[in-house]
Amino acid sequence: MFEPNQIWEAIKNILPNNNIKLSEDINKNVKAKDFEDYLVLEVLDKDSYLELKSLKEKIERLATNQFKPLIQKNICIDLVKLYEEDNKVDTIKQEDLFESNLNPEYRLNNYIVGDNNMHAYGLATSIANVEGADYSPLLIYGDSGLGKTHLAQAIGNEYTREHKKKVKYMTANTFTNEWLATYINYGNNSQNNPFNFRKQFQDLDMLIIDDVQFFETVFGRGEDKTQKEFYEVFNMLYEKGKPIILISDKYPDKFQNADERLRTRFKSGTSAELRLPDKSVRMSMIKNYAETNNLDISDELIAYISDELETNFREILGVMKTLKSKVKFFEKNIDKDLIDEELNKREKKRKEEITKEKVMDEVCRYYNINKEEILSKKRTSDVVKPRDAFRFILAKGLNMEIGKIGKILNTDHSAVSKAIKKVEETTDKELKADIAQIRIKLGV
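K.L.:
Lay out the overall build of the chain with the relevant residues and their values.
P.N.:
Of regular secondary structure, the chain possesses 19 helices and eight strands. Overall, the C-alpha framework of the chain stretches about 80 × 65 × 35 Å when taken along its three principal axes. Buried positions account for 47% of the 444 residues belonging to the chain. Accessible area of the chain: about 23800 Å², with a carbon and sulfur share of 46%.

K.L.:
I'd like a rundown of the sheet that holds strand β3 (residues 77–81), residues and numbers included.
P.N.:
Taken together, the three strands give an open sheet; going across it, the order is β1-β2-β3, and neighbouring strands pair in mixed fashion. Of all strands in the sheet, those with a lone pairing partner are β1 (30–35) and β3, marking the two edges. The mean angle between the axes of side-by-side strands here comes to 25°, regardless of whether they run parallel or antiparallel. In the sheet, strand β2 (residues 39–43) pairs with β3 via five bridges, with the strands oriented parallel. Bridge pairing in β3 links V43 to K81. Strands in contact with helix α1 (residues 4–14) are β1 and β2; relative to β1, the strand with the most contacts, it is inclined by about 125°. Strand contacts of helix α3 (residues 46–71): β1, β2 and β3, with the helix running at about 150° to β3, the strand carrying the most contacts.

K.L.:
Quick one: what's the story with the environment of V383, residue by residue and with numbers?
P.N.:
With respect to the helices and strands, the residue V383 is situated in helix α16 (residues 381–396). Measuring from C-alpha to C-alpha, the distance between V383 and S271 comes to 29 Å, with 112 residues separating the pair along the chain. When residues no more than four places from it in sequence are discounted, the contact partners of V383 are I369, E373, I374, S376 and K378.

K.L.:
If you had to explain α16 to someone new, which residues and values would you point to?
P.N.:
Taking 1.5 Å per residue, 16 residues should reach 22 Å; α16 reaches 22 Å between its end C-alpha atoms and fits that length. With twelve of 16 residues buried, α16 is to be regarded as a mostly interior element. For α16, every residue scored as buried is listed here: V383, V384, P386, R387, D388, A389, F390, R391, F392, I393, L394 and A395. Those residues of α16 that are buried are in contact with α14 (356–367), α15 (371–375), α17 (402–409), α18 (413–425) and α19 (429–442).

K.L.:
How would you summarise the pattern of salt bridges if you had to cite specific residues and measurements?
P.N.:
Side chains carrying opposite charge are able to pair once their charged atoms draw close together. Per the counting criterion, the structure on display carries 23 salt bridges. Between D25 and K28 there is a salt bridge; the shortest N-O distance is 3.5 Å. One end of the pair, D25, and the other, K28, are both in helix α2 (residues 24–29), three residues apart, so they sit about a helical turn from each other. The partner of E430 in a salt bridge is K385, and the shortest N-O contact between them spans 3.8 Å. With E430 in helix α19 and K385 in helix α16, the pair connects residues that are 45 residues apart, well separated along the chain.

K.L.:
If you had to explain empty space enclosed by the protein to someone new, which residues and values would you point to?
P.N.:
Under the counting rule described, the total for this entry stands at one cavity of 30 Å³ or more. Forming the walls of the largest cavity are V212, Q213, F215, E216, F219, F255, Q256 and F266. The residue makeup of the lining of the largest cavity, split by class, is five nonpolar, two polar and one charged.

K.L.:
For the nonpolar core, give the residues involved together with the corresponding values.
P.N.:
The biggest cluster of nonpolar side chains holds 28 residues, and the ones touching the most others in it are F175, F201, I209, F215, F230, L246 and F266. Put simply, the parts of the chain that give this core at least two residues each are β4 (138–141), α6 (172–186), β6 (206–210), α8 (225–239), β7 (244–248) and α9 (260–266).

K.L.:
How would you summarise α8 if you had to cite specific residues and measurements?
P.N.:
The first and last C-alpha atoms of α8 sit 21 Å apart over 15 residues, in line with the 21 Å expected at 1.5 Å per residue. Here α8 has its buried residues at T226, Q227, E229, F230, Y231, V233, F234, N235, M236 and L237. In the segment just after α8, G241 is the residue with positive phi, at about 75°.

Each value, and the rule that gives it
- All residue numbers here refer to positions counted from 1 along the written sequence of the relevant chain.
- Under the rules for a predicted model, residues below a pLDDT of 70 receive no local features and side-chain atom pairs below 80 are neither given nor counted, while totals for whole chains, interfaces and linings still include all residues.
- Note: side-chain values were computed over all heavy atoms of the structure, leaving out hydrogens and water.
- The secondary structure listing takes helices from DSSP runs of H or I that are at least 4 residues long and strands from runs of E that are at least 2 residues long, numbered from the N terminus.
- Exposure is judged per residue with a 1.4 Å probe applied to protein chains only, and the accessible area is read against the type maximum: over 50% gives exposed, under 20% gives buried, and values in between give partly exposed.
- Only the protein chains shown count as cover for residues, and the accessible areas themselves come from Shrake-Rupley with a 1.4 Å probe.
- The pairing criterion for strands is at least two bridges between them, as found by DSSP.
- Fitting a line to C-alpha atoms yields each axis, with helices limited to the stretch in contact; the angle taken between N-to-C directions then spans 0 to 180 degrees.
- Two residues form a contact once any of their heavy atoms are found within 4.5 Å.
- One less than the number of residues in a helix, times 1.5 Å, gives the span that helix is expected to have.
- The salt bridge definition used is simple: a Lys or Arg side-chain nitrogen within 4 Å of an Asp or Glu carboxyl oxygen.
- Only protein atoms enter the calculation, which uses a 1 Å grid: trapped sets of points that fit a 1.4 Å probe without letting it out are cavities, open sets showing protein on both sides within 12 Å along at least five of seven lines are pockets, and any residue with an atom within 4 Å of a point is a lining residue.
- Grid points are joined across faces, edges and corners, and a volume is the space filled by probe spheres set on the points.
- Ten residues, namely Ala, Val, Leu, Ile, Met, Phe, Trp, Tyr, Cys and Pro, are considered nonpolar, four, namely Asp, Glu, Lys and Arg, are considered charged, and the remaining ones, Gly among them, are considered polar.
- We call a set of buried residues a nonpolar core when its members are Ala, Val, Leu, Ile, Met, Phe, Trp, Tyr or Cys and they connect through side-chain atoms within 4.5 Å of each other.

Structure representation (C-alpha cells):
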C-alpha cells in the first residue's frame, strides 16, 4: 500500500522533466492526506490552490501515465481548501477592486524554452523575480504565434503571485479605445480628462501592453492625443521605476508615426526577439501536448511532425488539436497517413490563402518600404532588391504566371523572366537569405 505522501513526492519529482515548475509555496503549504479513490491534497493558502487548480488536469495525466502500471489505477487529485475564503466583496470599496486581465493559464512553468526564446525567457524570469529593474522596459517582439503573449502574461502572473504586486495587462487597441471614450465623455476642453483616465495606472507595479504595433494606426493622427497620453502613462511608470512589458510584431525602429522621445523610451531598456522554434523545441511541445492529452504517438512520428512543420507554436498546436479530435471522434490511431492527411490539407489551404497582396505586405514589412516604391520605375538598390524578392516569390512561391506578374509591375513578359533568372543565378547571399526568410514567414 502506497502512502499519500509517497505518491505526492513521486509526482512532484517527475514534473520538472515535463516543463512544470511548482512554486516553493507548494512544498510548504500543500500536504497529501489520503489516497483511496483520490489523492487528497490539503492546501493551506489561496495562491497554492489556484496554482494547482490551473495545473491539476495536466498533473493527473502525467502521473497516471507514469505510475498507473505500478499502482494499477488512474491518479485523480482532490484539492481541499484549509484556508478561509473572503467572500465579503460587497464591503470592498469600488476603487479598491482591480482587474489585472491576466490569463492564469499563462505561467513560466508551462512555457517551453529553447534556443529561439532563451534570451527572452531569461529576462522574463529576472523581471518576474524582481531582479531585473534595469531591464525595464522589456520589449518582446517577433512574428505571430511564437508565444509573446504567453511569456509576457506569465511575467505578470509570477510577479503578482510571488510578490503580491498590482499588474495590469491590456492591448494597445484597448488602451486607445478606453482613452478615446474618456476623452469624448469628458469633452475636449476638460482638465479632468487626462487625470480620470490616467489614475487607473498611477498605482500599478507593472504594466503590460500587447500588440504595440497597433499604435502605428493612431499615432500622428489629428492632434495626436493618443500618443501624448500613452507617453504620459509610460513616463509616469518609467520615472517610478515600475516594470513595463511591451509586446510587438516588430522592433521599435520600424514603428511609423512614433515621436523620437517615445522611440527612445522604448529602446531605453532591453529587447528580446522570439524566433521560429527549432526542431528540438517543436518536438518538446508536441511530446508535451501528447502526454498531457493521453495521445499515443511514437517518438518517430513526433520527429516526423517536427520536420514537416517548421512553423510557429500556434500552427503546431492547431495540428495537434485536430489529430486529437480525429482520435476521439473517429477512433483513429495516429499514424503517418493520418498526419500526412492533415499536413497536406493545411499546405493546400495556406497556398490558397496567400495572395499577391500578402506577399507585397510581407516584402514591404521586411524591407521597411512602401508599395508605391516597389511598383515604381526606380532603379536604386534599396528598391530593386525588394522588387526582385516580390517578383521571385510570386513566381516560385505562388507559381504565378509570368504575364500576370508583368501586369502587376507594369512591365513585359521578357523583363520579368530575365529578372527571375537573375535572382536564380545571383551570388548575392544577402538577397537569397532575405527571400528565404520572407518565404518562411509566408509559408511558401
